[in-house]
Protein chains: 4
Amino acid sequence: MPDVLFHVDLTKPMDEQDIPGHNRWHPDIPAAVSINPGSIFRIECKDWTDGQIHNNDDPSDIAHVDLNRVHVLSGPVWVNGAEPGDLLVVDILDIGALPDSEWGFTGIFARENGGGFLTDRFPEARKAIWDFEGIYAVSRHIPGVRLPGVLHPGLIGCAPSQELLDEWNRREAELVAANPQRIPPLANLPNPQSAVLGSLKGAEFDRVAREAARTVPPREHGGNCDIKNLSKGSRLYLPVYVKGAKLSVGDLHFCQGDGEISFCGAIEMAGWIDLHVDVIKGGMTKYGVANPIFKPGPVEPKFSQYLVFEGISVDESGKQHYLDAHIAYRRACLNAIEYLQHFGYTGDQAYLLLSAAPVEGRISGIVDIPNACCTLAIPLEIFDRDLSPA
Amino acid sequence: MPDVLFHVDLTKPMDEQDIPGHNRWHPDIPAAVSINPGSIFRIECKDWTDGQIHNNDDPSDIAHVDLNRVHVLSGPVWVNGAEPGDLLVVDILDIGALPDSEWGFTGIFARENGGGFLTDRFPEARKAIWDFEGIYAVSRHIPGVRLPGVLHPGLIGCAPSQELLDEWNRREAELVAANPQRIPPLANLPNPQSAVLGSLKGAEFDRVAREAARTVPPREHGGNCDIKNLSKGSRLYLPVYVKGAKLSVGDLHFCQGDGEISFCGAIEMAGWIDLHVDVIKGGMTKYGVANPIFKPGPVEPKFSQYLVFEGISVDESGKQHYLDAHIAYRRACLNAIEYLQHFGYTGDQAYLLLSAAPVEGRISGIVDIPNACCTLAIPLEIFDRDLSPA
Amino acid sequence: MPDVLFHVDLTKPMDEQDIPGHNRWHPDIPAAVSINPGSIFRIECKDWTDGQIHNNDDPSDIAHVDLNRVHVLSGPVWVNGAEPGDLLVVDILDIGALPDSEWGFTGIFARENGGGFLTDRFPEARKAIWDFEGIYAVSRHIPGVRLPGVLHPGLIGCAPSQELLDEWNRREAELVAANPQRIPPLANLPNPQSAVLGSLKGAEFDRVAREAARTVPPREHGGNCDIKNLSKGSRLYLPVYVKGAKLSVGDLHFCQGDGEISFCGAIEMAGWIDLHVDVIKGGMTKYGVANPIFKPGPVEPKFSQYLVFEGISVDESGKQHYLDAHIAYRRACLNAIEYLQHFGYTGDQAYLLLSAAPVEGRISGIVDIPNACCTLAIPLEIFDRDLSPA
Amino acid sequence: MPDVLFHVDLTKPMDEQDIPGHNRWHPDIPAAVSINPGSIFRIECKDWTDGQIHNNDDPSDIAHVDLNRVHVLSGPVWVNGAEPGDLLVVDILDIGALPDSEWGFTGIFARENGGGFLTDRFPEARKAIWDFEGIYAVSRHIPGVRLPGVLHPGLIGCAPSQELLDEWNRREAELVAANPQRIPPLANLPNPQSAVLGSLKGAEFDRVAREAARTVPPREHGGNCDIKNLSKGSRLYLPVYVKGAKLSVGDLHFCQGDGEISFCGAIEMAGWIDLHVDVIKGGMTKYGVANPIFKPGPVEPKFSQYLVFEGISVDESGKQHYLDAHIAYRRACLNAIEYLQHFGYTGDQAYLLLSAAPVEGRISGIVDIPNACCTLAIPLEIFDRDLSPA
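For every chain, the first residue of the written sequence is number 1, and numbering continues from 1 along that sequence. By the order in which they are written, chains take letters starting at A while ligands take numbers starting at 1. With the structure being a predicted model, the display of local features is reserved for residues of pLDDT at least 70 and the display and counting of side-chain atom pairs for 80 or more, all residues being used for whole-chain, interface and lining totals.

This part takes up the overall build of chain A. The numbering of helices and of strands both runs from the N terminus, where a helix is a DSSP run of H or I of at least 4 residues and a strand a run of E of at least 2. Within chain A one finds six helices and 20 strands. What you see for chain A is a C-alpha radius of gyration of 20 Å, in line with the 21 Å of a compact globule of 390 residues. In terms of its C-alpha atoms, chain A occupies a principal-axis envelope of roughly 60 × 45 × 45 Å. A residue is called partly exposed when the number of other C-beta atoms within 10 Å of its own lies between 12 and 20, exposed at 12 or fewer, and buried at 20 or more, with C-beta atoms placed from the backbone. Counting the 390 residues in chain A, one finds 63% classified as buried. With C-alpha atoms as the basis for the radius of gyration, the globule rule is written as 2.2 Å multiplied by the number of residues raised to the power 0.38.

Before going further, it helps to spend a moment on the environment of leucine 252 of chain A. Residue and element names in this part refer to chain A. With respect to the element layout, leucine 252 can be found in strand β14 (residues 247–253). Exposure remark for leucine 252: the 31 C-beta atoms within 10 Å place this residue in the buried category. Separated by 98 residues in the primary sequence, leucine 252 and glycine 154 have C-alpha atoms spaced 5.5 Å apart. In this view, leucine 252 contacts Cys45, Ile95, Pro153, Gly154, Met269, Gly271 and Ile273; residues no more than four positions away in its chain are not counted. The contact rule is simple: place each C-beta atom from the backbone, and if two of them lie within 7 Å, those residues are in contact.

Turning next to helix α2 (residues 162–177) of chain B. Residue and element names in this part refer to chain B. By this rule, a helix spans an expected 1.5 Å times one less than how many residues it contains. Taking 1.5 Å per residue, 16 residues should reach 22 Å; α2 reaches 22 Å between its end C-alpha atoms and fits that length. Taken together, the buried positions of α2 are occupied by Leu164, Leu165, Trp168 and Glu172. When α2 is viewed along its axis, its buried side chains cluster within an angular range of 100° and face the same direction. Of the residues in α2, the exposed ones pointing more than 90 degrees away from the buried face are Glu163, Arg170 and Ala177. Directions drawn from the helix axis to the C-beta atoms are what define this arc.

Superposition of the copies was done by least squares, using only C-alpha atoms of residues whose pLDDT is at least 70 in both. The two copies are related by a screw motion: chain A maps onto chain B through a turn of 180° and a shift of 0.0 Å along the axis, at an RMSD of 0.0 Å. Those values place the two copies in the arrangement expected of a two-fold rotation axis. Nearest to the rotation axis, the C-alpha of arginine 362 of chain A is located 2.2 Å from it, this being the minimum over chain A. A share of 100% of interface residues in chain A that are also interface residues in chain B marks the association as one of identical surfaces.

In terms of nonpolar packing, the biggest core is built from 534 residues, with Leu88 of chain A, Leu88 of chain B, Leu88 of chain C together with Leu88 of chain D touching the most fellow members. Setting aside its immediate chain neighbours within four residues, leucine 88 of chain C contacts Val79, Ala82, Cys158, Leu238, Val240, Ala245, Leu247, Val277 and Val279 of chain C. Each nonpolar core consists of buried Ala, Val, Leu, Ile, Met, Phe, Trp, Tyr and Cys residues. Their C-beta atoms, within 7 Å, join them into a set.

What follows concerns the relation of the copies chain A and chain C. Here the second copy of the chain follows from the first by a rotation about an axis and a shift along it. Overlay of chain A on chain C (RMSD 0.0 Å): rotation 180°, translation along the axis 0.0 Å. Interface overlap between copies is the fraction of interface residues in one copy that are interface residues in the other; for chain A against chain C it reaches 100%, indicating a shared surface.

This next bit is on the pairing of strand β15 (residues 263–268) of chain D. Residue and element names in this part refer to chain D. A large share of β15 lies buried, amounting to six of its six residues. The pairing of strand β6 (residues 103–108) with β15 spans three bridges and is classified as antiparallel. Within β15, the residue paired with glycine 107 across the bridge is cysteine 264. Paired strands, as defined in this entry, are two strands with at least two bridges between them according to DSSP.

It is worth spelling out the domain arrangement of chain A at this point. Residue and element names in this part refer to chain A. Domain parsing of chain A yields domain 1 (4–295) and domain 2 (306–382). Placing the centre of domain 1 and that of domain 2 at their C-alpha centroids yields a distance of 26 Å. Each side of the interface is counted separately: domain 1 has 24 residues, and domain 2 has 18 residues. Contributions of two or more residues to the side of domain 1 that touches domain 2 are made by β6 (103–108), β7 (126–133) and β15 (263–268). The element best represented in the side of domain 1 that touches domain 2 is β15, accounting for three residues. When residue character is reported, Ala, Val, Leu, Ile, Met, Phe, Trp, Tyr, Cys and Pro are called nonpolar, Asp, Glu, Lys and Arg charged, and the others, Gly included, polar. Of the residues belonging to the side of domain 1 that touches domain 2, the class tally is 13 nonpolar, six polar and five charged. Domain extents, as shown, originate in an automatic or database domain assignment.

With that settled, consider the interface of chain A and chain C. Listed by partner, the interface residues are five residues for chain A and five residues for chain C. Considering only residue class, the side of chain A that touches chain C consists of one nonpolar, two polar and two charged.

What follows concerns the interface of chain A and chain B. Tallying the contact residues gives 82 residues for chain A and 82 residues for chain B. For the side of chain A that touches chain B, a count of residues per class yields 43 nonpolar, 24 polar and 15 charged.

To obtain an axis, a line is fitted to C-alpha atoms, over the contacting stretch when the element is a helix, and the angle between two such axes runs from 0 to 180 degrees between their N-to-C directions. Close contact between helix α5 (residues 325–341) of chain C and helix α5 (residues 325–341) of chain D brings their axes to 6 Å; oriented N to C, the two are set at 115°. One finds that α5 of chain C runs roughly perpendicular with respect to α5 of chain D. Judged by residue contacts, Ala325, His326 and Tyr329 of chain C of α5 of chain C engage Ala325, His326 and Tyr329 of chain D from α5 of chain D. Of the residues in the contact of α5 of chain C with α5 of chain D, the class split is four nonpolar, two polar and no charged. Any angle that is under 35 degrees is reported as roughly parallel, and any over 145 degrees as roughly antiparallel; angles of 65 to 115 degrees are reported as roughly perpendicular and all others as oblique.

What follows is about unusual backbone geometry. In this structure, the amide linkage connecting isoleucine 369 of chain A to the following residue, proline 370 of chain A, adopts the cis form with an omega of 5°. Note that proline 370 of chain A resides in the loop between β19 (360–365) and β20 (373–379). Despite not being glycine, alanine 245 of chain C shows a phi value in the positive range, around 70°. Tracing the backbone shows alanine 245 of chain C in the loop between β13 (235–239) and β14 (247–253).

So, on to the environment of tyrosine 322 of chain D. By secondary structure assignment, the location of tyrosine 322 of chain D is in the loop between β18 (306–312) and α5. Considered as a pair, tyrosine 322 of chain D and alanine 173 of chain D are 149 residues apart in the sequence and their alpha carbons are 26 Å apart. Other than its neighbours up to four places away in sequence, tyrosine 322 of chain D contacts Leu175 and Leu186 of chain C together with Ile369 and Pro370 of chain D.

Residue and element names in this part refer to chain D. The contact between α5 and helix α6 (residues 347–356) brings their axes to 9 Å, and the two run at 130°. Compared by their axis directions, α5 and α6 come out oblique. Judged by the sense of rotation from one axis to the other, the crossing of α5 with α6 is right-handed. Contact residues: Cys333, Ala336, Ile337, Leu340 and Gln341 in α5; Gly347, Ala350, Tyr351 and Leu354 in α6. A clockwise turn of the near helix away from the far one marks a right-handed crossing, whereas an anticlockwise turn of less than a right angle marks a left-handed crossing.

This part covers the environment of isoleucine 43 of chain A. Residues and elements named next belong to chain A. Following the sequence through the fold, isoleucine 43 ends up in strand β3 (residues 40–45). What makes isoleucine 43 buried here is the crowd of 29 C-beta atoms within 10 Å. In the structure, isoleucine 43 is positioned 133 residues away from valine 176 in sequence and 35 Å away in space, judged by C-alpha atoms. Filtering out sequence-adjacent residues up to four positions away, isoleucine 43 remains in contact with Leu5, Phe6, Ser74, Val249, Trp272, Ile273 and Leu275.

See below:
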């Protein structure tokens, strides 16, 4: 087992850990640990909500989750010798659950507290608990399904430079300003409430907490990309913006469907991740890389029987939208939910299932004006009976 | 070889064929041929432009293509016994090129005549010719690439009912009305110019030509879905809206990347398609199916080495958009094009390649406000050298 | 369509074709055609029996097949510039059926005329006819099965040198001498009866016919390897032993299980094969290649649900054999046949099915004295119902 | 984490564990633990040699290994309610290394002490140590290779009945009698030396030790099958011969090539395995199952680039053998070793690599008298450079 570079105690919140992590992005959050290129090490992670969700049948915790505390991240890890303009080569060697914590959760966030892709149709808080049985997960809340995991970090990235952070804050503030009263909001702006900033204290804490970006969206540095195929065995190339790179990781997922549609949609878990890091000097310029690139790992589950649902960019009211892949994927998801309801699942169960299972969401056609065509492919092997039309 | 139910002569335009097909959708376009459920038959198809593009190095034909003539379809095929509310089960048994026509083309349409996903960046007409070498395609215009095909019909569907057609025309007219001067237009409304309507003549022709929907967008019935995974060996379930189903097919693709981003972006080909059809009576209600669903075939090319590019919904000007998968995928594509240019490809070549090669375009995260995260995965096995970062 | 370099008329036997092929191996069989390295060309092939088996329900033709006429091969193809010691790089670009001949057959040869892997248990002649439905084959003689093809040439190779031929004849004669009365024989020695030797005539024909090796076994040059994974899209590296290489091909298979256990066990077909050839000068020495090597193609059917049967090297009488993979695989096959009989198949049907379907036959353990362990994996997706234990 | 039903202390030999396991097969070895059908539990296992091999560069331990101590197994596990004639349904949920023991070994056994598939060519003891880096293994003894694991139990099965045990002893004694002086022997007969028999003591120990079968070969009950595809996520159906089933497991492999050719050829490891068991009453008769059957798991590594080597049943002296798959596979292995030596590997390294890496060994043709054709497919993705011919 590699050395545990960053340890978590699941019984304590992130800000009470021996070495606290963080839940905001800022270049001045101090590195928690340091390593040399070529090292292999283990990072332990709390679940993204910092342990707010419990292994029971009551979705109240989902309903009242404090989203100011998310996402709790482990790190930053200082990589000796890494400098702005480099590419950090991160091998995701393995991911697993912590002993005595071999379970995860999928939630539908309430419309008024987080929402999700289909919040108009599913506005109430809901929860599914998953038990890990080796490579598989099963849920007492979604019967008839056993799905092999596609373990991946929902969130990984290096710290932004001050310039990049300023740019994030500028553009997101501009968006929020367009409709400041909206629920859920158009974006989450910096918010000192419940900020965890590593070892920072006092005035420096206050300054950074006011400036630091929330972790919710993916951005240029990667961050909360929620890409299920960034799975065990992947090699990831991350842009470096600050000296030492300051790599952080968290939000581990046992599995996820493309889109992670219910927002808390993956099978969210606490756990550990084993990494190997190296550096390509000047790699950002050498390869013209502005956003992360990666090579997926070789052990994703293999399926051969998919049922594919199509969606187009006409909304439920019959309004035509122009090449809107968001709406097209939404319709594909709704079509799949409708179908699954004909096989005995409730709408909530189907929504949770599409969020958590390794479904493929594709932009199939994006040029045939005015309709985008998106597809959602469900692997039929996860069900204990045949769900094909007959 | 199955009986050729619908024959085309590649030297003649669609309206001069012995049995002409059509290039509009309307319930009153007469069926060209009929079959019984359980039948296997072959349909020949012209390329979607009706033969306007030629196997040479000059993109003038792309620049001046008459888009009123697209997409030329073979059919309609009357399926005995099919009725509204049924599901037509269509097995796509095989697809191939016609003898002496073993080539295809990929085009970038000019901004002022069709455009495409990245028309702002690539406004000029361009063309790549592909030669088919068995299961592979190679292009003298994009060196260093040999890609195995994922043959599929870009366009397949049953005729709409009058009600459905009216609905299409209503909602698309509404969209166009929002910005009627836009180039390219927001949608293509009915247009009698160059309409081909099977055997219709005289006043009936004129009426139908005025009402009939253009074939460009995918809609509820399927149509121009451009889904690369609807490939050889797939089983497709199509909603039936009119008596006899009136199935039509065309726009065959030797290969395509998800999104078909350059619009004329697949490897467009003339060819044949072998189909088997059957009927599930009342299947639309029985399974709650409003848009087509399908099970992909088992012989799509198998890759193991992908390089994946991420994109987020911040546009090139730095403006933040709200969960806009269109923009996120656009950025992923631009990131990939930038990368490929570091390996000697021109921007045009890279754009054509992403359109035509079997790249995977995924909606990875669609809930992490305000950024959608889309990914574009390029199979590295199509290149004759290693394109990984090193 | 590539130029047809070698044409066959299915209504005539091989020795009456305009340009006859051959059914023996000998360096002095004259080349039928010639090509340059870099060329793409099409070769048409009769089925391996030269058309002796017919599309009907009567296995008499199987029972009385004249095995002196097999395997009829198309070629030899002279490759300009190829010399002994080179490697011939052969790309198998595509394979297909001839129009009006879209069917194939699988036979169980009678014990007294050819036999097969399980001839002790299945001594009677049997036949299954398969109809090709695009990428799939179905048989009226084996219900409930639809299998995607793995098209490949059962037989491909370059002509042996005289030295190599002499060596073959020496070692095989030695083997036959060990038990000359055995039925079926231990090997098929040169036999002028029904020999077809291209354009050879007169005394030269007689001499070559006496010396030429039979085509039944695979040998150093490749030949009748019957490797299902040498499928469409493969790149094959063949040793060259004579000037011009003298490449020949035949015995096309629509599909085959590993081992081709019933001897006439593939789905045998007439058809065409498209090839591209090139030469690596001195490649045999450069890479130490004595037998062919190859890279399989990317479009083999993809399965995810296999049922695997084990066999060990104890024969049915209970006798223990030492690490005998032949017996271990035999037992695995018999175990699978027994299992399939519990799902309604007759023994004959099961035997034919294991021969023809894309089953995987593996040498799993070959060192655990005294038992070899071989496995047979059947893809469950080929059946129209679930054949798992429940 | 499931409850650890069977615990091992790696610092102690198997007979000194708190609850000792066993290294022989006999119905009267007492069950160590018991469970109910439907249970999930963890079994810890020592490596198959009981810890005789060490993580260093000196192969002396391989040379002098005491093979009387192998294979040390964990169990037997009594399954409540299981009876002779049932099928035990064993889900292999996951497999992993023990903390502080994340390494494995591959050995070439000396000819005079165990030997292996190619012992004539590689008679000296050799060793490669592998370090586990998450899903990958690397070896300081075989540079340029990083291979994803295919974790599986080399050995799993239920206890034989007395009748079955007697049959094993009868047939194996008969084989040994054919050549009693042979080195290595033709089979390993019962041998009390170093026997470990769970809690048995005194006269009962002595009796059982005299009768109990060695664990080396796979047999009807499964046992030491060494099937790499019986990997994580598999569902295995085991025949039950005694009341309580008495399931045992051991010989965990991080990876293995088909055939496990160097005998100690897998990446041998200590570790844990998580199982779920259930029972199909009367399943042996219901499905005609005499040997185990299984469905492989979905997370085996996915490769697309294989280089395949052929072998035929002519031995190195030029002698022709009749359809001998053992020799054909041997030749395929030797061909691959020869090839790898042209890329800088020593013969020993190549032999160890083919044993340990996830290579595919297939019986491709087994009916083309007199030559069997076997193939060995090496996934090229495991190398850090391109090993194709060029």
